[in-house]
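Residues per chain, in single letters:
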Amino acid sequence: MTNDVTTKNARTTPAHTTNAHTADPKPILVLGSTGKTGRRVLARLRHAGHEVRAGSRRGPTRFDWTDESTWEPALKGVGAAYLVDSQTEDAADSVRAFAQLASARGVERLVLLSANDWVVPEGEEKLPSERAVRESGVAWTIVKPAWFAQNFSEDPYYLGQLRDGEFVSSTGTGREAFVDADDIADVAVAALTEDGHAGETYRLAGPRLLSLDEVVEEIARATDRDIVHRAVPPEDFVAVGARQGLPEGYVNLLDDLYSWIREERFAQLADGVRRALGREPRDFADYVRTTAATGVWHA
Ligand SMILES: NC(=O)c1ccc[n+]([C@@H]2O[C@H](COP(=O)([O-])OP(=O)(O)OC[C@H]3O[C@@H](n4cnc5c(N)ncnc54)[C@H](OP(=O)(O)O)[C@@H]3O)[C@@H](O)[C@H]2O)c1
(Lines give C-alpha, C1' and ligand atoms only; values in the text may rest on other atoms or scores of the structure.)
Protein backbone atom coordinates (compact mmCIF):
# COMPACT_ATOMS: atom_id res chain seq x y z
CA MET A 1 0.00 0.00 0.00
CA THR A 2 1.26 3.46 -0.74
CA ASN A 3 -0.15 6.83 -0.04
CA ASP A 4 2.67 8.77 -1.58
CA VAL A 5 1.48 12.22 -2.50
CA THR A 6 4.10 12.33 -5.21
CA THR A 7 3.01 9.13 -6.90
CA LYS A 8 1.88 11.15 -9.87
CA ASN A 9 5.52 11.89 -10.54
CA ALA A 10 6.61 8.31 -9.99
CA ARG A 11 9.33 6.97 -12.19
CA THR A 12 9.98 3.37 -12.98
CA THR A 13 13.68 4.10 -13.26
CA PRO A 14 15.83 5.89 -10.73
CA ALA A 15 16.40 9.58 -11.10
CA HIS A 16 19.88 9.47 -12.53
CA THR A 17 22.25 12.03 -13.54
CA THR A 18 25.00 12.66 -15.84
CA ASN A 19 27.28 13.85 -13.08
CA ALA A 20 26.55 11.13 -10.51
CA HIS A 21 29.71 9.99 -8.74
CA THR A 22 31.58 13.02 -10.00
CA ALA A 23 32.69 15.06 -7.03
CA ASP A 24 31.24 18.58 -7.06
CA PRO A 25 34.06 21.06 -6.64
CA LYS A 26 31.93 23.14 -4.27
CA PRO A 27 31.64 21.94 -0.69
CA ILE A 28 28.42 20.32 0.49
CA LEU A 29 27.11 21.47 3.85
CA VAL A 30 25.63 18.74 6.04
CA LEU A 31 23.58 19.99 8.97
CA GLY A 32 22.71 17.63 11.80
CA SER A 33 26.07 16.06 11.02
CA THR A 34 26.31 14.40 14.43
CA GLY A 35 22.84 12.86 14.12
CA LYS A 36 21.54 9.56 12.82
CA THR A 37 21.14 10.58 9.20
CA GLY A 38 23.63 13.48 9.00
CA ARG A 39 26.49 11.21 10.11
CA ARG A 40 25.66 8.78 7.35
CA VAL A 41 25.22 11.47 4.70
CA LEU A 42 28.59 12.90 5.65
CA ALA A 43 30.35 9.53 5.47
CA ARG A 44 28.90 8.76 2.05
CA LEU A 45 29.82 12.14 0.61
CA ARG A 46 33.37 11.86 1.95
CA HIS A 47 33.69 8.36 0.58
CA ALA A 48 32.60 9.61 -2.86
CA GLY A 49 35.28 12.29 -2.72
CA HIS A 50 33.13 15.35 -2.14
CA GLU A 51 34.37 18.21 -0.07
CA VAL A 52 32.06 18.38 2.91
CA ARG A 53 31.34 20.75 5.73
CA ALA A 54 30.01 19.06 8.86
CA GLY A 55 27.67 21.45 10.63
CA SER A 56 26.03 21.17 14.02
CA ARG A 57 26.47 22.66 17.48
CA ARG A 58 29.08 19.97 18.20
CA GLY A 59 30.42 19.60 14.66
CA PRO A 60 33.71 20.93 13.27
CA THR A 61 31.74 23.66 11.48
CA ARG A 62 29.83 25.23 14.33
CA PHE A 63 26.24 25.67 13.24
CA ASP A 64 23.41 26.56 15.58
CA TRP A 65 19.87 27.21 14.39
CA THR A 66 19.48 29.60 17.33
CA ASP A 67 22.59 31.63 16.49
CA GLU A 68 22.36 33.23 13.05
CA SER A 69 25.96 34.40 13.22
CA THR A 70 26.96 30.77 12.56
CA TRP A 71 24.95 30.49 9.33
CA GLU A 72 26.94 32.65 6.93
CA PRO A 73 30.34 31.02 7.55
CA ALA A 74 28.77 27.57 7.21
CA LEU A 75 27.26 28.52 3.85
CA LYS A 76 30.28 30.21 2.31
CA GLY A 77 30.99 28.78 -1.15
CA VAL A 78 28.62 25.86 -0.64
CA GLY A 79 26.95 24.21 -3.66
CA ALA A 80 24.38 22.07 -1.85
CA ALA A 81 23.12 21.63 1.70
CA TYR A 82 21.39 18.91 3.73
CA LEU A 83 19.01 20.45 6.25
CA VAL A 84 17.96 18.87 9.53
CA ASP A 85 15.81 21.36 11.37
CA SER A 86 15.95 22.12 15.08
CA GLN A 87 12.70 20.32 16.03
CA THR A 88 11.67 23.37 18.03
CA GLU A 89 8.40 25.27 17.61
CA ASP A 90 10.04 27.99 15.55
CA ALA A 91 12.04 25.56 13.42
CA ALA A 92 10.28 26.53 10.21
CA ASP A 93 11.04 30.23 10.67
CA SER A 94 14.72 29.40 10.95
CA VAL A 95 14.58 27.10 7.95
CA ARG A 96 12.90 29.86 5.93
CA ALA A 97 15.50 32.46 6.87
CA PHE A 98 18.33 30.02 6.27
CA ALA A 99 16.98 28.86 2.89
CA GLN A 100 16.65 32.46 1.78
CA LEU A 101 20.22 33.15 2.82
CA ALA A 102 21.32 30.02 0.96
CA SER A 103 19.53 31.24 -2.15
CA ALA A 104 21.17 34.67 -1.88
CA ARG A 105 24.59 33.01 -1.53
CA GLY A 106 24.12 30.94 -4.67
CA VAL A 107 23.49 27.50 -3.14
CA GLU A 108 22.12 25.30 -5.91
CA ARG A 109 20.47 22.41 -4.06
CA LEU A 110 18.70 22.05 -0.73
CA VAL A 111 17.67 18.68 0.65
CA LEU A 112 15.38 18.85 3.68
CA LEU A 113 14.95 15.98 6.12
CA SER A 114 11.28 16.22 7.00
CA ALA A 115 9.02 13.72 8.74
CA ASN A 116 5.58 12.29 8.62
CA ASP A 117 3.14 14.83 9.85
CA TRP A 118 4.27 14.90 13.46
CA VAL A 119 3.98 17.66 15.99
CA VAL A 120 1.62 19.75 13.94
CA PRO A 121 -2.14 20.05 14.08
CA GLU A 122 -4.30 17.34 12.58
CA GLY A 123 -4.58 17.60 8.83
CA GLU A 124 -1.36 19.50 8.23
CA GLU A 125 1.94 18.11 7.16
CA LYS A 126 5.26 18.99 8.74
CA LEU A 127 4.59 21.63 6.17
CA PRO A 128 6.04 24.88 7.41
CA SER A 129 9.67 23.76 7.02
CA GLU A 130 8.82 22.06 3.74
CA ARG A 131 7.08 25.17 2.45
CA ALA A 132 10.06 27.30 3.44
CA VAL A 133 12.38 25.17 1.35
CA ARG A 134 9.97 24.92 -1.58
CA GLU A 135 9.62 28.70 -1.64
CA SER A 136 13.33 29.43 -1.31
CA GLY A 137 14.06 29.68 -5.02
CA VAL A 138 16.74 26.99 -4.68
CA ALA A 139 16.23 23.57 -6.32
CA TRP A 140 14.85 21.45 -3.47
CA THR A 141 14.22 17.83 -2.55
CA ILE A 142 12.25 16.74 0.50
CA VAL A 143 12.93 13.48 2.24
CA LYS A 144 10.01 12.33 4.42
CA PRO A 145 10.89 9.18 6.34
CA ALA A 146 8.93 6.91 8.63
CA TRP A 147 10.41 6.05 12.04
CA PHE A 148 14.08 5.29 11.80
CA ALA A 149 15.06 1.69 12.55
CA GLN A 150 18.22 3.14 14.11
CA ASN A 151 16.22 4.64 16.97
CA PHE A 152 16.50 1.17 18.50
CA SER A 153 20.29 1.25 18.50
CA GLU A 154 21.28 4.93 18.50
CA ASP A 155 18.68 6.64 20.68
CA PRO A 156 20.00 6.34 24.23
CA TYR A 157 16.56 5.77 25.79
CA TYR A 158 15.49 3.04 23.38
CA LEU A 159 18.91 1.42 23.43
CA GLY A 160 19.03 1.47 27.23
CA GLN A 161 15.69 -0.31 27.50
CA LEU A 162 16.71 -3.00 25.03
CA ARG A 163 19.96 -3.55 26.91
CA ASP A 164 17.98 -3.84 30.14
CA GLY A 165 15.73 -6.47 28.57
CA GLU A 166 12.41 -4.64 28.78
CA PHE A 167 11.09 -2.20 26.20
CA VAL A 168 8.06 -0.30 27.44
CA SER A 169 5.63 1.40 25.10
CA SER A 170 1.95 2.17 24.68
CA THR A 171 1.91 1.34 20.98
CA GLY A 172 -0.30 -1.72 21.53
CA THR A 173 -0.54 -3.77 18.36
CA GLY A 174 -0.08 -0.72 16.11
CA ARG A 175 2.47 -1.00 13.34
CA GLU A 176 4.97 1.30 11.67
CA ALA A 177 7.05 1.05 8.48
CA PHE A 178 10.45 1.49 10.19
CA VAL A 179 12.96 2.73 7.62
CA ASP A 180 16.70 2.24 7.65
CA ALA A 181 18.74 5.43 8.15
CA ASP A 182 21.19 4.07 5.56
CA ASP A 183 18.41 4.26 2.97
CA ILE A 184 17.57 7.80 4.05
CA ALA A 185 21.22 8.78 3.67
CA ASP A 186 21.47 7.12 0.26
CA VAL A 187 18.46 9.10 -0.96
CA ALA A 188 19.75 12.34 0.54
CA VAL A 189 23.17 11.89 -1.07
CA ALA A 190 21.60 11.16 -4.44
CA ALA A 191 19.54 14.33 -4.14
CA LEU A 192 22.54 16.39 -3.05
CA THR A 193 24.84 15.18 -5.80
CA GLU A 194 22.77 14.08 -8.78
CA ASP A 195 20.44 15.70 -11.24
CA GLY A 196 16.87 14.51 -11.48
CA HIS A 197 15.69 14.89 -7.88
CA ALA A 198 14.72 18.56 -7.85
CA GLY A 199 11.09 19.15 -6.88
CA GLU A 200 10.66 15.61 -5.55
CA THR A 201 9.16 14.70 -2.20
CA TYR A 202 10.32 11.22 -1.32
CA ARG A 203 8.32 9.39 1.31
CA LEU A 204 10.65 6.76 2.72
CA ALA A 205 9.50 3.62 4.49
CA GLY A 206 10.77 0.14 5.08
CA PRO A 207 9.28 -2.76 3.14
CA ARG A 208 7.21 -4.16 6.06
CA LEU A 209 4.90 -2.87 8.74
CA LEU A 210 5.98 -4.05 12.17
CA SER A 211 4.52 -3.80 15.65
CA LEU A 212 6.75 -3.17 18.65
CA ASP A 213 6.13 -6.79 19.70
CA GLU A 214 7.64 -7.87 16.39
CA VAL A 215 10.52 -5.38 16.58
CA VAL A 216 11.54 -6.52 20.05
CA GLU A 217 11.11 -10.16 19.12
CA GLU A 218 13.41 -9.76 16.09
CA ILE A 219 16.05 -8.02 18.20
CA ALA A 220 15.77 -10.62 20.97
CA ARG A 221 16.14 -13.48 18.49
CA ALA A 222 19.12 -11.92 16.71
CA THR A 223 20.91 -11.21 19.98
CA ASP A 224 19.87 -14.48 21.63
CA ARG A 225 18.68 -12.51 24.64
CA ASP A 226 15.49 -12.37 26.67
CA ILE A 227 14.00 -9.01 25.81
CA VAL A 228 10.31 -8.31 26.22
CA HIS A 229 8.03 -5.62 24.96
CA ARG A 230 5.85 -4.46 27.83
CA ALA A 231 2.80 -2.87 26.22
CA VAL A 232 1.26 -0.56 28.80
CA PRO A 233 -2.23 0.95 28.47
CA PRO A 234 -2.11 4.42 26.91
CA GLU A 235 -3.39 6.08 30.07
CA ASP A 236 -0.48 4.61 32.07
CA PHE A 237 2.41 5.58 29.81
CA VAL A 238 3.06 9.06 31.18
CA ALA A 239 3.30 7.72 34.74
CA VAL A 240 5.55 4.86 33.60
CA GLY A 241 7.83 7.29 31.76
CA ALA A 242 8.01 9.52 34.83
CA ARG A 243 8.99 6.50 36.95
CA GLN A 244 11.73 5.77 34.42
CA GLY A 245 13.06 9.27 35.18
CA LEU A 246 12.31 10.78 31.79
CA PRO A 247 11.84 14.55 31.57
CA GLU A 248 8.19 15.56 31.31
CA GLY A 249 8.51 17.06 27.82
CA TYR A 250 10.13 13.91 26.48
CA VAL A 251 7.49 11.64 28.03
CA ASN A 252 4.75 13.74 26.46
CA LEU A 253 6.47 13.59 23.08
CA LEU A 254 6.81 9.81 23.34
CA ASP A 255 3.20 9.57 24.44
CA ASP A 256 2.17 11.36 21.22
CA LEU A 257 4.49 9.34 19.00
CA TYR A 258 3.29 6.08 20.53
CA SER A 259 -0.35 7.06 20.11
CA TRP A 260 0.29 7.59 16.40
CA ILE A 261 1.82 4.15 16.06
CA ARG A 262 -1.04 2.67 18.12
CA GLU A 263 -3.54 4.33 15.78
CA GLU A 264 -1.44 3.34 12.73
CA ARG A 265 -1.63 6.91 11.57
CA PHE A 266 1.41 6.52 9.33
CA ALA A 267 1.36 2.76 8.85
CA GLN A 268 1.98 2.98 5.14
CA LEU A 269 4.60 1.63 2.84
CA ALA A 270 6.00 4.09 0.33
CA ASP A 271 7.91 4.04 -2.92
CA GLY A 272 10.40 6.86 -2.25
CA VAL A 273 13.49 4.63 -2.01
CA ARG A 274 12.58 2.89 -5.26
CA ARG A 275 11.84 6.14 -7.05
CA ALA A 276 15.02 7.84 -5.91
CA LEU A 277 17.44 4.93 -6.09
CA GLY A 278 15.86 2.30 -8.30
CA ARG A 279 16.05 -0.38 -5.61
CA GLU A 280 13.92 -1.65 -2.76
CA PRO A 281 14.34 -0.37 0.80
CA ARG A 282 16.41 -2.41 3.23
CA ASP A 283 14.42 -4.81 5.38
CA PHE A 284 14.28 -4.36 9.15
CA ALA A 285 15.74 -7.86 9.50
CA ASP A 286 18.91 -6.73 7.68
CA TYR A 287 19.23 -3.80 10.05
CA VAL A 288 18.76 -6.10 13.05
CA ARG A 289 21.29 -8.64 11.80
CA THR A 290 24.06 -6.14 11.07
CA THR A 291 23.39 -4.15 14.23
CA ALA A 292 23.30 -7.24 16.44
CA ALA A 293 26.72 -8.19 15.08
CA THR A 294 28.16 -4.95 16.49
CA GLY A 295 27.23 -6.05 20.02
CA VAL A 296 25.45 -2.77 20.75
CA TRP A 297 22.40 -4.51 22.26
CA HIS A 298 24.52 -6.34 24.82
CA ALA A 299 24.93 -4.19 27.90
N1 LIG B 1 14.12 9.61 14.60
C2 LIG B 1 13.10 9.29 13.81
O3 LIG B 1 12.53 8.20 13.86
C4 LIG B 1 12.64 10.30 12.78
C5 LIG B 1 11.70 9.89 11.83
C6 LIG B 1 11.30 10.80 10.84
C7 LIG B 1 11.86 12.06 10.81
N8 LIG B 1 12.75 12.44 11.76
C9 LIG B 1 13.31 13.79 11.71
O10 LIG B 1 14.71 13.69 11.69
C11 LIG B 1 15.26 14.84 12.30
C12 LIG B 1 16.33 14.39 13.27
O13 LIG B 1 15.72 13.67 14.29
P14 LIG B 1 16.50 12.65 15.24
O15 LIG B 1 15.71 12.56 16.49
O16 LIG B 1 16.77 11.39 14.54
O17 LIG B 1 17.79 13.47 15.55
P18 LIG B 1 19.30 13.17 15.79
O19 LIG B 1 19.75 11.92 15.19
O20 LIG B 1 19.51 13.33 17.26
O21 LIG B 1 19.94 14.41 15.04
C22 LIG B 1 19.64 15.73 15.35
C23 LIG B 1 20.79 16.58 14.81
O24 LIG B 1 20.40 17.96 14.90
C25 LIG B 1 21.45 18.69 15.49
N26 LIG B 1 20.85 19.81 16.21
C27 LIG B 1 19.95 19.75 17.21
N28 LIG B 1 19.66 21.00 17.62
C29 LIG B 1 20.38 21.86 16.86
C30 LIG B 1 20.54 23.27 16.80
N31 LIG B 1 19.87 24.10 17.64
N32 LIG B 1 21.36 23.81 15.87
C33 LIG B 1 22.05 23.00 15.04
N34 LIG B 1 21.97 21.66 15.04
C35 LIG B 1 21.14 21.09 15.95
C36 LIG B 1 22.17 17.71 16.40
O37 LIG B 1 23.54 18.02 16.51
P38 LIG B 1 24.23 18.83 17.71
O39 LIG B 1 23.63 18.31 18.98
O40 LIG B 1 25.68 18.50 17.53
O41 LIG B 1 23.92 20.25 17.45
C42 LIG B 1 22.06 16.42 15.59
O43 LIG B 1 23.14 16.32 14.68
C44 LIG B 1 14.11 15.62 12.90
O45 LIG B 1 13.75 16.68 12.06
C46 LIG B 1 12.98 14.59 12.94
O47 LIG B 1 11.71 15.19 12.85
C48 LIG B 1 13.17 11.58 12.75
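Quick caveat, the model's predicted, so the values are computed rather than measured.

A.B. asks: How would you summarise the overall build of the chain if you had to cite specific residues and measurements?
C.D. replies: In terms of regular secondary structure, the chain is built from 12 helices and 11 strands. Taking all 299 residues of the chain together, the buried fraction comes to 44%.

A.B. asks: Residues and numbers for the site of the ligand, please.
C.D. replies: Within the structure, the ligand sits among 24 residues, and Gly35, Ser56, Arg57, Arg58 and Ala115 are positioned closest to it. Each residue belonging to the shell around the ligand can be placed in one class, and the counts come to 8 nonpolar, 11 polar and 5 charged.

A.B. asks: Which residues make up unusual backbone geometry, and what are the values?
C.D. replies: A positive phi is found at Gln87, a non-glycine position, where the angle reads about 60 degrees. Relative to the helices and strands, Gln87 is located in the loop between strand E4 (80–84) and helix H3 (91–104). Of note, Glu264 is a non-glycine position whose phi angle comes to about 55 degrees, a positive value. Assignment of secondary structure puts Glu264 in the loop between helix H10 (248–262) and helix H11 (272–277).

A.B. asks: Describe the sheet that holds strand E5 (residues 109–113), listing the residues and the values that go with them.
C.D. replies: Strand order in the open sheet formed by 7 strands is E3-E2-E1-E4-E5-E6-E9, and the pairing between neighbours is parallel. The strands lining the two open edges of the sheet, one partner per strand, are strand E3 (61–62) and strand E9 (200–204). As paired elements, E4 and E5 share 5 bridges and run parallel to each other. Within E5, the position partnered with Tyr82 by the bridge is Val111.

A.B. asks: I'd like to hear about the pairing of E5, residue by residue, with values.
C.D. replies: A large share of E5 lies buried, amounting to 5 of its 5 residues. In E5, alternate side chains face the same way, and those of Arg109, Val111 and Leu113 on one face and Leu110 and Leu112 on the other are all buried. Handedness of the crossover joining E4 and E5 through H3 is recorded here as right-handed. Where E5 and strand E6 (residues 139–145) come together, 5 bridges link them in parallel fashion. Note that in E6 the partner of Leu112 across the bridge is Ile142.

A.B. asks: Got a sec to walk through the confidence of the model for the chain? Specific residues and values, please.
C.D. replies: Taken residue by residue, the chain gives an average pLDDT of 90. The fraction at 70 or more is 89%. The low-confidence segment residues 1–21, where pLDDT is below 50, has 38 contacts with residues more than four positions distant or belonging to other chains.

A.B. asks: Explain the nonpolar core to me, and be specific about the residues and the numbers.
C.D. replies: Formed by 72 residues in total, the largest nonpolar core has its most connected members in Ala81, Leu110 and Ala188. With 9 residues, the top contributor of residues to this core is helix H7 (residues 181–193). Once you skip the residues sitting within four places of it in the chain, Leu110 turns out to touch Ala81, Leu83, Ala99, Ala102, Val133, Ser136, Val138 and Trp140.

A.B. asks: Would you mind going over the pairing of E9 in detail, with residue names and values included?
C.D. replies: Counting buried positions along E9 yields 4 of 5 residues, so the element is predominantly enclosed. The pairing of E6 with E9 spans 5 bridges and is classified as parallel. Counterpart to Pro145 in the pairing with E9 is Leu204.

A.B. asks: Could you give an account of H10, with specific residues and numbers?
C.D. replies: Compared with the 21 Å implied by 1.5 Å per residue over 15 residues, the 21 Å span of H10 between its first and last C-alpha is a close match. The set of residues buried in H10 consists of Tyr258, Ile261 and Arg262. Buried residues along H10 cover an arc of 95 degrees about the axis, so they all sit on one side. Of the exposed residues in H10, those oriented more than 90 degrees away from the buried face are Gly249 and Asp256. Count one or two residues on from H10 and you reach Glu264, which has phi positive near 55 degrees.

A.B. asks: Pulling in residues and values, what's your account of helix H4 (residues 127–134)?
C.D. replies: Residues of H4 that are buried include every one of Ser129, Glu130, Ala132 and Val133, and no others. The buried side chains of H4 occupy one side of the element, clustering within an arc of 160 degrees when seen end-on. Buried residues belonging to H4 abut H3, E5 and E6.

A.B. asks: Could you give me a rundown of the packing of helix H1 (residues 36–47) against H7, with the residues and numbers involved?
C.D. replies: One way to put it is that H1 packs onto H7 with a least axis distance of 9 Å and a crossing angle of 55 degrees. As the angle between them shows, H1 and H7 are arranged oblique. The two elements H1 and H7 cross, and the hand of that crossing is right-handed. Between H1 and H7, the residues in contact are Lys36, Thr37, Arg40, Val41, Arg44 and Leu45 and Ala181, Asp182, Ile184, Ala185, Ala188 and Val189, respectively.

The rules behind these values
- Residues numbered from 1 in each chain as written.
- Predicted model: local features only at pLDDT ≥ 70, side-chain atom pairs only at ≥ 80, totals over all residues.
- Helix = DSSP H or I, 4+ residues; strand = E, 2+ residues; numbered from the N terminus.
- Buried ≥ 20, exposed ≤ 12 C-beta atoms within 10 Å, placed from the backbone.
- Near = placed C-beta within 6 Å.
- Nonpolar A, V, L, I, M, F, W, Y, C, P; charged D, E, K, R; others polar.
- Pairing = 2+ DSSP bridges.
- Right-handed = clockwise from strand over helix to strand, strands pointing away.
- pLDDT = per-residue confidence, 0-100.
- Contact = placed C-beta atoms within 7 Å.
- Core = buried A, V, L, I, M, F, W, Y, C linked by C-beta atoms within 7 Å.
- Expected span 1.5 Å × (residues − 1).
- Arc of directions from axis to C-beta.
- Axes fitted to C-alpha atoms, helices over the stretch in contact; angles between N-to-C directions.
- Parallel < 35°, antiparallel > 145°, perpendicular 65-115°, else oblique.
- Left-handed = near helix turned anticlockwise from the far one by under 90°.

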